[in-house]
Amino acid sequence: MIINIPIQVDEEAIEEKALKEYKGEVNKLLVERIERVLMQETDGWRWGNKQTAQDGMRTLVNRTVERYVDEYMEKHTGEILDKAVDKLEQRLRN
């Protein structure tokens, strides 16, 4: 004898919750990986306290960001200036 029991499942809610948890775990793993790589950049951070390590990481990240911004500016200076000139012209017309 087979008994059919109707069950209503909200697949969208389940999928949304699973995706949210997945993204949370991925973000957590990425942060852990980044911290591990940054800590390996300078052996001295291992000796210091947590604040020293955080300051060192902040310095390293800031230097890296500055380098990428500088490289981007060098590559795209013409485009940036063209867009700035276009916006200035629009504002002056208005």
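What counts and how
Throughout, residues of each chain are indexed from 1 in the direction in which the sequence is written. For this predicted model, a pLDDT threshold of at least 70 governs which residues receive local features, and a threshold of 80 or more governs which side-chain atom pairs are given and counted, while totals over whole chains, interfaces and linings are taken from all residues. Note that the side-chain values use all heavy atoms of the structure and ignore hydrogens as well as water. Helix and strand assignments follow DSSP, with helices taken as H or I runs no shorter than four residues and strands as E runs no shorter than two, numbered in order from the N terminus. Three labels apply to residues, based on accessible area from a 1.4 Å probe with only protein chains included: buried if under 20% of the type maximum, exposed if over 50%, partly exposed otherwise in between. pLDDT runs from 0 to 100 and stands for how confident the predictor is about each residue. Patch membership needs two things, relative accessible area over 30% and no salt bridge, and members are linked within 9 Å if like-charged or within 5 Å if nonpolar (Val, Leu, Ile, Met, Phe, Trp, Tyr). With residues, only the protein chains shown are counted as cover, and all accessible areas are computed by Shrake-Rupley using a 1.4 Å probe. We count a salt bridge whenever a side-chain nitrogen from Lys or Arg sits within 4 Å of a carboxyl oxygen from Asp or Glu. A residue counts as positive if it is Lys or Arg and as negative if it is Asp or Glu; His and the chain ends are not included. Throughout, a charge is located at the NZ atom of Lys, the CZ atom of Arg, the CG atom of Asp or the CD atom of Glu.

Quick look at the overall build of the protein chain now. A count of helices and strands for the protein chain gives three helices and zero strands. Ordered by position in the sequence, the α and β elements of the protein chain form the string α-α-α. Counting the 94 residues in the protein chain, one finds 6% classified as buried.

Time to look at the confidence of the model for the protein chain. If pLDDT is low for a region, its predicted coordinates should not be looked at in detail. Chain-level statistics for the protein chain give a pLDDT mean of 78 and a share of 83% at 70 or above. At the low end of the mean pLDDT range in the protein chain sits helix α2 (residues 44-47), at 50; at the high end sits helix α3 (residues 50-93), at 82.

To continue, consider a negative patch on the surface. A cluster of like negative charges, contributed by D10, E11, E12, E15 and E16, occupies part of the molecular surface. Mapped onto the elements, D10 comes out in the segment before α1 (11-41). Given a relative accessible area of 49%, D10 falls into the partly exposed group.

Within the secondary structure, E35 is located in helix α1. A relative accessible area of 39% places E35 in the partly exposed class. Along the backbone, E35 and Q54 are 19 residues apart, and their C-alpha atoms lie at a distance of 9.7 Å.

On to the pattern of salt bridges, then. Evaluated as defined, the whole model comprises two salt bridges. Here K17 ties to E21 by a salt bridge, and the two come within 3.0 Å at their closest N and O atoms. Of this pair, K17 and E21 both sit in helix α1, four residues apart, which is roughly one turn of the helix.

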